[in-house]
Amino acid sequence: MNALRDHILSLVVFAPLVGALLLLLVPALERGAIQVIGLFWSAIVFALSLLLLRWFDGASGGMQLTEQHAWITSIGASYHLGVDGISLFLLLLTALLTPVALLASFASVEHRVKEFVICLLLLESGVLGALVALDLLLFYLFWELMLIPMYFLIGVWGYRDRVYAALKFFVYTMAGSLMMLFALLYVYATAPVAGQRSFDLPVLIAAVQNAPYPIGTELLLFGAFALSFAIKVPMFPLHTWLPLAHVQAPTAGSVILAGVLLKMGCYGFLRFALPLFPEASYWFLPPIAVLALVGILYGALVAMVQKDIKSLVAYSSISHLGFVMLGIAALEVKATTGAVYQMLSHGVSTGALFLLVGVLSERRHTRLISEYGGIAREVPIYTAVFVLIALSSIGLPGLNGFVGEFLILIGTFGSRVFDITALGPGAGRWLAVAAASGVILAAVYLLWMVRRVFFGPLRNPLNKGLRDLTLREGCVFAPLVILVVLMGVAPGYFLKRIEPAVAAAVSDVQQRARLAGMGRSLEARP
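Parameters and conventions
Residues numbered from 1 in each chain as written. Predicted model: local features only at pLDDT ≥ 70, side-chain atom pairs only at ≥ 80, totals over all residues. Heavy atoms only, no water. Core = buried A, V, L, I, M, F, W, Y, C linked by side-chain atoms within 4.5 Å. Buried < 20%, exposed > 50% of the residue type's maximum accessible area, 1.4 Å probe, protein only. Helix = DSSP H or I, 4+ residues; strand = E, 2+ residues; numbered from the N terminus. Salt bridge = Lys/Arg side-chain N within 4 Å of Asp/Glu carboxyl O. Phe/Tyr/Trp six-rings, centres within 6.5 Å; stacked < 30°, edge-to-face > 60°. Expected span 1.5 Å × (residues − 1). Bend = angle between axes of the 7 residues up to and from the residue. Axes fitted to C-alpha atoms, helices over the stretch in contact; angles between N-to-C directions. Parallel < 35°, antiparallel > 145°, perpendicular 65-115°, else oblique. Left-handed = near helix turned anticlockwise from the far one by under 90°. Contact = heavy atoms within 4.5 Å.

*Asks:* Residue-level account of the nonpolar core, with values.
*Replies:* Judged by nonpolar contacts, the single largest core of 196 residues is most densely connected at Phe 225 and Phe 269. If one sorts the elements of this core by residue count, helix 11 (residues 251–276) sits on top with 17 residues.

This is the structure in structure tokens:
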């Protein structure tokens, strides 16, 4: 058991890769066998990931279950893994959504099934590795591994404009990745590390803490990392690849993209950009907060005028992830804890919404809101699930979406990080008040869509006799519905494991920024 615990992160990260290799041995014509093997293997990965909850110490804010081995010793790269409260539940969410997405795709993916399942497993391995990598070179390899299978998922199994959508996704993401690579190599080459140079994240953080970069250099380095992560979130105005990618991607691709991939940008800010460049963070956080606010309002307003249900959900992601970035920019424990929680909530709720849209699209081969109306009588179970998930996405108290947004708003309202910036004292208050209007707008566009699709008279005769959720589809939605309710009524289970890591990270950035002279005015504020 000790050996399993010592290597549990490696097992979780590379188990999907092993499953993908095993599928290479299965004949491509054995479609059913491939789907079952992929589902079974991804379920094993999820079961392994649950062991992390058993061995994770929720009271600790540091890295746990760490593994470190020599890798490329000549350049100071090591195989270094670890998990904390920030990455723990994102890892579990990834491990859950993969088998859910695979099960949901059983009926919708009919060609190149073997390659489709392999791509999903490779994507899972890349995301899991990026979440636990504590070596910058190792992180970058996993970061790039995520890009390739997602490109093929959109480009091969997507809809009419899939090639253009995949290319746009690839160009945007690769451009950001190259900026991060240049900055990463600069940090590696110039960080004042004692002895051999290193890619190890804790070593680099300690080095730049002891000998900070000149502020101009640090601003450029933070900007390079931030640009890469902002594209992945995506933040306004770097968001234009996302709606097209979502609309053209197959359902499983949209689920993984919304549920997991977009969170990697937010995670990158917390894990790498802020701790490596704390002084530059104080210069960048105000514009990040303003852009987050613009994203909240812009995403919500554009979602209101969408005619396609999937496109509406895609723009809602821009709005909801604006809340996450606002919480991170506030650099306050409550707000940042809420941001991590909102990442999880968004992954569950928006992933479920894309699955629900996929079910309807499979039956009617259209996602236009105008093609529906009054279908609640035909599909009562489907309607009940859809309404529940929509309410969770709005942020109804008692469901998962409320907790994260509430913590973000109250944390931002009381944040003092903006007081010494150009935004001036009390900026956190007006940012929080303005962001709260995004909650109202979310209720408008989601409830309006629900009313037009499900209620009123049955206008289109083609919707007569629509089939309700099947047993397989019920198994797809069951864990997500449970999480929507559980995270709403019992958030303490999650928050007490998230908050210590967030408190340690926020405190470290604030302390090091004070040492650099940026945060001294904060202590004098009442």
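*Asks:* Tell me about the pattern of salt bridges, and name the residues and values.
*Replies:* For the structure shown, the criterion picks out 7 salt bridges. Among the ionic pairs, Arg 160 bridges to Asp 161, the shortest N-O distance being 3.9 Å. According to the relative accessible area criterion, Arg 160 is exposed, its value standing at 75%. Judged by its relative accessible area of 33%, Asp 161 falls in the partly exposed class. Between Arg 364 and Glu 371 there is a salt bridge whose closest N-O contact spans 3.2 Å. Exposure remark for Arg 364: the relative accessible area of 12% places this residue in the buried category. Assessed through its relative accessible area of 25%, Glu 371 is described here as partly exposed. Taken together, the shared-partner salt bridges in this structure form one network comprising Arg 363, Arg 472 and Glu 473.

*Asks:* Please set out the packing of aromatic side chains residue by residue, giving values where relevant.
*Replies:* For the structure on display, the rule yields 23 aromatic pairs. When the ring of Phe 402 is compared with that of Phe 406, the centres are 5.4 Å apart and the planes differ by 20°; the resulting orientation is stacked. Linking Phe 402 with Phe 406, this pair stays in helix 16 (residues 400–413), spanning 4 residues, or about one helical turn. Here Phe 406 falls in the partly exposed class, since its relative accessible area comes to 41%. An aromatic cluster is present here, built from Phe 139, Trp 143, Phe 225, Phe 229, Phe 269, Phe 272 and Phe 277 joined pairwise through their rings.

*Asks:* Give me helix 2 (residues 8–23): which residues, what numbers.
*Replies:* With 16 residues, helix 2 should reach 22 Å at 1.5 Å per residue; the first-to-last C-alpha distance of 23 Å fits that figure. The axis of helix 2 is deflected most strongly, by about 40°, at Phe 14, and proline Pro 16 appears within four residues downstream. Within helix 2, the full set of buried residues consists of Ile 8, Leu 9, Ser 10, Val 12, Val 13, Ala 15, Pro 16, Gly 19, Ala 20 and Leu 23.

*Asks:* Tell me about the packing of helix 10 (residues 241–248) against helix 13 (residues 309–330), residues and numbers included.
*Replies:* Across the interface, helix 10 lies against helix 13 with an axial gap of 9 Å and an inter-helix angle of 140°. In terms of their interaxial angle, helix 10 and helix 13 are classed as oblique. For helix 10 against helix 13, the interelement crossing comes out right-handed. Between helix 10 and helix 13, the residues in contact are Leu 242, Pro 243, His 246 and Val 247 and Lys 310, Ser 311, Ala 314, Tyr 315, Ser 317 and Ile 318, respectively.

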